[in-house]
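An overview of the molecular structure
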Amino acid sequence: MVKPGQSRLRRPHGRWSFVQLSPVLLTVVIAGLAYSTPPDMAFSRILPAAPALAAAMWPVLPTVLLGTVCFLLMIGLSLVFPGLGAWYTVAGIVAVTVAAAYGSHVRLQREQSLFQVRLVADAAQQVVLSPMPRRFGGIEIESLYLAAAAEARIGGDFYEVADTRFGVRLLIGDVRGKGLPAVGAAAAVVNSFREAAYAEPDLGGIARRLEASSTRYSTAFPPEDLMERFTTAVLVEIPHEEDLIRVLNCGHPPPLVLGREGLRVLNPTAPSPLLNLADLIGDHYSIDTFAFARGDQLLLYTDGVTEARARNGEFFPLADWMSRQRPVQPRELLDGLHRDLLHYSSRGLDDDIAALAVHLHKSPDPIDRRRARSA
């Protein structure tokens with residue numbers, strides 16, 4: 001689980017684990033067997049395995065020191081058992097220790113390069129995914145991001161929230177594809193939203209700004225790839241002190257609202273074009289208005305949630321899952337979704353997942369209400 005704003009990238013430090021001490025334990029076991037068993041069993045001949053194992057997890061100097069210890073142990077064995085033929089093993093220990101030291105050096109260089117790459121990925125994540133939670137008047141918002149790849153930091157899923165004079169505006173979307181091009185497209189859309197959300201009076205104007213940014217970004221790619229480079233997105237506006245929300249859906253999975261009347265799926269009355277495809281299918285954007293009362297919970301999500309599969313191939317039943325939830329804080333709702341997704345998809349996630357949970361509190365704090373009015 002990736003939570004923006006939390007530090008996740010740390011170098012290994014502290015006490016050595018049992019696995020890291022295994023080369024020492026292996027050395028002790030081999031030496032003990034070599035000294036306590038008849039010479040013809042020749043357990044000492046596997047002593048070179050200890051520095052070879054150390055190279056996989058230790059720095060260069062400890063690896064060389066362990067090889068030196070094995071070298072001295074073998075010299076001692078040759079004095080205790082003169083007919084052991086230890087000099088061949090001694091030569092093997094020297095050769096393996098030299099090779100292990102070089103292998104440890106190469107491994108450390110690669111780990112350093114990977115560490116720097118992850119630092120860059122973390123910086124990219126901070127650009128695309130804003131820290132959460134946020135509280136605007138009576139509106140509380142939390143986020144969830146799950147990377148499908150174990151080593152991934154960021155993908156093509158994105159979200160953003162802005163508190164403007166028009167109300168709290170939210171964006172969530174999914175760029176088709178993976179890798180750096182998807183991250184770049186997501187960053188272009190999010191950065192455009194951060195500007196347009198404060199300036200455009202309606203969601204249609206924001207969508208046109210996002211479309212323009214997405215189109216400009218796509219010009220760097222071959223024309224034949226443009227049909228494959230599109231972005232789905234949902235724009236939501238929650239006006240201050242009004243019991244309604246406005247939704248503009250550009251081909252994205254519909255938001256869900258859980259309230260006193262049960263679960264509602266906020267399907268659009270008319271389709272709006274996906275980002276980067278308006279030139280082909282037109283730029284008519286449909287904005288729908290829905291009731292959103294105090295105490296309601298809104299869930300925005302990407303298709304990685306609904307496309308999570310069980311072993312039998314069935315998709316995660318998000319609507320049924322949401323309808324069974326009781327009124328909880330947004331963080332609890334997303335933690336439960338995270339837990340149940342991992343339990344349901346026992347084979348692991350096949351796609352990145354992003355989600356925003358919004359709770360409209362029944363009685364906003366007076367200070368927050370004054371902030372909302374001034375905004």
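How each quantity is defined
Residues numbered from 1 in each chain as written. Predicted model: local features only at pLDDT ≥ 70, side-chain atom pairs only at ≥ 80, totals over all residues. Heavy atoms only, no water. pLDDT = per-residue confidence, 0-100. Contact = heavy atoms within 4.5 Å. Core = buried A, V, L, I, M, F, W, Y, C linked by side-chain atoms within 4.5 Å. Buried < 20%, exposed > 50% of the residue type's maximum accessible area, 1.4 Å probe, protein only. Helix = DSSP H or I, 4+ residues; strand = E, 2+ residues; numbered from the N terminus. Patch = residues over 30% accessible without salt bridge, like charges linked within 9 Å, V, L, I, M, F, W, Y side chains within 5 Å. Areas by Shrake-Rupley, 256 points an atom, 1.4 Å probe, with all protein chains shown as cover. Salt bridge = Lys/Arg side-chain N within 4 Å of Asp/Glu carboxyl O. Pairing = 2+ DSSP bridges. Phe/Tyr/Trp six-rings, centres within 6.5 Å; stacked < 30°, edge-to-face > 60°. Polar contact = N/O pair within 3.5 Å; in protein donor to acceptor, adjacent residues only side chain to side chain. Axes fitted to C-alpha atoms, helices over the stretch in contact; angles between N-to-C directions.

Mean pLDDT over the chain stands at 83; residues scoring 70 or higher make up 83%. Predicted confidence is poor over residues 1–14, with pLDDT under 50, and the contacts of this stretch with residues over four places away or in other chains come to 33 contacts. Predicted confidence for residues 366–373 stays below pLDDT 50, and this span has nine contacts to residues more than four positions away or in other chains.

A separate point is the nonpolar core. It is characteristic of soluble globular proteins that their nonpolar side chains tend to be buried jointly. By size, the foremost hydrophobic cluster in this structure holds 27 residues, and its most contacted members are Ile-141, Leu-170, Val-236, Ile-245 and Leu-298. For this core, the secondary-structure elements that each account for two or more residues are strand E2 (139–146), strand E3 (157–164), strand E4 (167–175), strand E5 (231–238), strand E6 (244–250), strand E10 (297–301) and strand E11 (353–360). A total of four residues in this core trace back to one element, the largest contributor, which is E11. Discounting chain neighbours no more than four positions away, the residues touching Leu-298 are Val-236, Ile-245, Pro-255, Leu-256, Val-257, Leu-266, Phe-292, Leu-356, Ala-357 and Val-358. Leu-171, Val-175, Leu-248 and Tyr-285 belong to the second largest nonpolar core, which has 23 residues in total.

What follows concerns a nonpolar patch on the surface. The grouping of Phe-18, Val-19, Leu-21, Val-24, Leu-25 and Val-28 at the surface amounts to a nonpolar patch, some 550 Å² of accessible area in total. With respect to the secondary-structure elements, Leu-25 resides in helix H1 (residues 22–36).

A separate point is the pairing of strand E7 (residues 256–259). Where E7 lies against strand E8 (residues 262–265), four bridges are found, and the strand directions are antiparallel. Residue pairing for E8: Val-257 is matched across the bridge by Arg-264. In this structure, the hairpin formed by E7 and E8 is closed by a connection of two residues.

Attention now goes to the packing of aromatic side chains. According to the stated counting rule, one finds two aromatic pairs in the structure shown. Ring centres 6.5 Å apart and planes at 50 degrees place the aromatic pair Phe-316 and Trp-321 in the tilted group. In this pair, the class of Phe-316 matches that of Trp-321, namely buried. Relative to Tyr-344, the ring of Phe-316 lies with its centre 5.4 Å away and its plane at 80 degrees, an arrangement referred to as edge-to-face.

Another point: the environment of Ser-143. With respect to the helices and strands, Ser-143 occurs in strand E2. Each C-alpha atom, one on Ser-143 and one on Leu-129, is 9.4 Å from the other, the two residues being 14 residues apart in sequence. Within the structure, the side chain of Ser-143 is placed 3.3 Å from the side chain of Tyr-159, a separation counted as a polar contact.

Here the focus is the sheet that holds E8. The six strands lie next to each other as E1-E2-E11-E10-E7-E8, forming an open sheet whose pairing is antiparallel. Each having just a single partner strand, strand E1 (134–136) and E8 make up the two edges of the open sheet. For this sheet, the mean inter-axis angle between neighbouring strands, taken without regard to orientation, is 20 degrees. Relative to E2, E1 runs antiparallel, the two sharing three bridges. Across the sheet, residue Arg-134 finds its bridge partner in E2, namely Ile-141.

The next point concerns unusual backbone geometry. Within the chain, Glu-241 stands out as a residue other than glycine whose phi angle is a positive 60 degrees. With a phi close to 85 degrees, Asn-276 is a non-glycine residue in the positive phi region. Along the chain, Asn-276 falls in the loop between E8 and helix H7 (278–281). You can call Asn-276 buried: its relative accessible area is 10%.

Now for the pattern of salt bridges. One pass over the full model with this rule turns up 11 salt bridges. Here Arg-331 makes a salt bridge to Glu-142, at a shortest N to O gap of 2.9 Å. Of this pair, Arg-331 sits in helix H10 (residues 330–344) while Glu-142 sits in strand E2; the two residues are 189 residues apart in sequence, bridging distant segments of the chain. The same class applies to Arg-331 and to Glu-142, which are both buried. Residue Arg-194 is joined to Glu-160 by a salt bridge in which the shortest nitrogen-to-oxygen separation is 2.5 Å.

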